[in-house]
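Listed here are the chains, written in short residue letters.
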Amino acid sequence: MDHATEAHQTDLMTITRFVLNEQTKRPESRGDFTILLNHIVLGCKFVCSAVNKAGLAKLIGLAGETNVQGEEQKKLDVLSNEVFIKALVSSGRTCILVSEEDEEATFVEPSLRGKYSVVFDPLDGSSNIDCGVSIGTIFGIYMLKDSHEPTIEDVLQPGKNMVAAGYCMYGSSCTLVLSTGTGVNGFTLDPSLGEFILTHPNIKIPKKGKIYSVNEGNAKNWDGPTAKYVEKCKFPKDGSPAKSLRYIGSMVADVHRTLLYGGTFLYPADKKSPNGKLRVLYEVFPMSFLMEQAGGQAFTGKLRALDLVPEKIHERSPIFLGSYDDIEEIKALYAAEEKAA
């Protein structure tokens, strides 16, 4: 083994070191954000371990309660939610927590309060646990501008106001993808070290992709532009090759593939779900934030996804995200429909 290769293998950029390096670039930083991220990373490690052991530990199966969205909760959902709530509260850096699993927001008691609000889905795609498909945690972070008493309005903000967003995918490996507003970086958990190592520096989505990702089972309920776009993917009129369809049904896995390989991920509104199915605060916003930071786009069918102002914490929205040029096509189809109306 030559010396350069050896140096590369021993000089490991861990996520903690990476975030500390980012902190030094901001002289006004007091380290609060670094501490908060460390607690999120710890939560991800715990959930990763629990997911890997789920089959053995009899954690799989219904916990008997139904969450806010009317989905029957899996035991792992409940566990992941508790882990993240406790990790975030104990960091002493948060004031409001919004979880997909809890109907109401959690307001942190004053003695443990900090200036950040965290919105998260502790275990997205949990209906896939039983069949071993990749699942993940999605999170977004807002910062309180001043030291007022926190209210729910502090999290009902457009996604462009987030200071960071990311997801952790529990699949063949455990991958954490993070953006603090200056590009997107991917880290992979090295189980022998128990550390996330930088494996995908400065992720950039290809400008145009060869893949589209959508649940075609809903096709009969789609609106015109969505149907036209999918038709165009399958039967291109300009002589270009047809796109490939890839749909896992777990948002973290589908978006992760889109980010790395390019293409589009769509969950449009339809007659059954006129407001779309994915939740704005902790699914649409964090993934749209990452997509834009990686050079892609995110669109709701009406406007840029990050400009949306949510009115309720569990509000839903249609979403089209992915490669820049591909989303431009979708925007053109919606603009043409509006013009014709």
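Residues numbered from 1 in each chain as written. Predicted model: local features only at pLDDT ≥ 70, side-chain atom pairs only at ≥ 80, totals over all residues. Heavy atoms only, no water.

Asks: How should I be thinking about a positive patch on the surface in this particular structure?
Replies: A cluster of basic residues, Lys220, Lys271, Lys272 and Lys277, forms a positive patch at the surface. Along the polypeptide, lysine 220 turns up in the loop between β11 (211-213) and α5 (224-234). The exposure class of lysine 220 is exposed, given its relative accessible area of 69%. (Patch = residues over 30% accessible without salt bridge, like charges linked within 9 Å, V, L, I, M, F, W, Y side chains within 5 Å. Areas by Shrake-Rupley, 256 points an atom, 1.4 Å probe, with all protein chains shown as cover. Salt bridge = Lys/Arg side-chain N within 4 Å of Asp/Glu carboxyl O. Lys, Arg positive; Asp, Glu negative; His and termini not counted. Charge placed at Lys NZ, Arg CZ, Asp CG, Glu CD. Helix = DSSP H or I, 4+ residues; strand = E, 2+ residues; numbered from the N terminus. Buried < 20%, exposed > 50% of the residue type's maximum accessible area, 1.4 Å probe, protein only.)

Asks: Explain the pairing of strand β13 (residues 264-267) here, please?
Replies: Along any regular strand, the residues point their side chains to alternate faces of the sheet. Because side chains alternate across β13, one face comprises the buried residues Thr264 and Leu266, and the other comprises Phe265 and Tyr267, equally buried. Where β11 meets β13, 2 bridges bridge the pair, whose relative direction is parallel. Following the sheet pairing, serine 213 is matched in β13 by phenylalanine 265. Of the pairings in the sheet, the one linking β13 to strand β17 (residues 319-322) comprises 4 bridges and is antiparallel in character. Within the sheet, the bridge partner assigned to tyrosine 267 lies in β17 and is isoleucine 319. (Pairing = 2+ DSSP bridges.)

Asks: What exactly am I supposed to notice about the packing of helix α6 (residues 251-261) against helix α7 (residues 280-293) here?
Replies: How two helices pack is summed up by the angle between their axes together with the distance between the axes. Here α6 crosses α7 at 15°, and the two axes come no closer than 11 Å. When the interaxial angle is binned, α6 and α7 end up roughly parallel. Relative to α7, the crossing made by α6 is right-handed. Here Met251, Val252, Val255, Thr258 and Leu259 of α6 come into contact with α7, specifically with Glu283, Met287, Leu290 and Met291. (Axes fitted to C-alpha atoms, helices over the stretch in contact; angles between N-to-C directions. Parallel < 35°, antiparallel > 145°, perpendicular 65-115°, else oblique. Left-handed = near helix turned anticlockwise from the far one by under 90°. Contact = heavy atoms within 4.5 Å.)

Asks: I tried to follow the UniProt feature "domain: Fructose-1-6-bisphosphatase class 1 C-terminal" (unreviewed entry) in the chain on my own but got confused; where do I start?
Replies: This chain's UniProt record puts "domain: Fructose-1-6-bisphosphatase class 1 C-terminal" (unreviewed entry) on residues 205-334. Secondary structure within residues 205-334 divides into 36% helix and 15% strand; the distance between the first and last C-alpha atoms comes to 23 Å. (UniProt positions renumbered as here; feature names shortened; annotations may be inferred.)

Asks: I tried to follow the pattern of salt bridges on my own but got confused; where do I start?
Replies: Proximity of charged atoms lets side chains of opposite charge pair with each other. Counted by the stated rule, this structure contains 18 salt bridges. Two residues, aspartate 307 and arginine 304, come together in a salt bridge whose shortest N-O distance is 3.0 Å. When its relative accessible area of 27% is taken as the criterion, aspartate 307 is described as partly exposed. Arginine 304 gets classed as partly exposed once you look at its relative accessible area, which sits at 33%. Overlapping salt bridges, with partners in common, bring together Lys208, Lys232, Lys243, Asp326 and Glu329 in one network.

Asks: Even after reading the chapter, I still don't get the sheet that holds strand β4 (residues 106-107), so can you show me in this structure?
Replies: Hydrogen bonding along the main chain pairs the strands of a sheet, whether they run parallel or antiparallel. Here we have 8 strands laid out as an open sheet, ordered β4-β3-β5-β6-β7-β8-β9-β10, and mixed in their pairing. Each having just a single partner strand, β4 and β10 (195-200) make up the two edges of the open sheet. Sheet strands in contact with helix α4 (residues 75-90) are β3 (94-99), β4, β5 (113-124), β6 (135-143) and β7 (164-170), and its direction is about 165° off that of β5.

Asks: I'm lost on α5 in this one. Help?
Replies: Helical geometry: 3.6 residues make up each α-helical turn, so side chains three or four residues apart lie on a common side. Taken together, the buried positions of α5 are Pro225, Thr226, Tyr229, Val230 and Cys233. Each buried residue of α5 sits inside an arc of 130° when the element is viewed along its axis, so together they form one side. Of the surrounding secondary structure, the elements contacted by the buried residues of α5 are β11, β13, β17 and α8 (324-340). (Arc of directions from axis to C-beta.)

Asks: Honestly, the environment of isoleucine 197 in this entry has me stumped. Any pointers?
Replies: Assignment of secondary structure puts isoleucine 197 in strand β10. Since its relative accessible area comes to 11%, isoleucine 197 is described here as buried. Distance from isoleucine 197 to glutamate 109, taken between C-alpha atoms, is 34 Å for residues 88 residues apart in sequence. Contacts of isoleucine 197, omitting those with residues within four sequence positions, involve Leu12, Met13, Thr14, Gly186, Phe187, Thr188 and Asp190.

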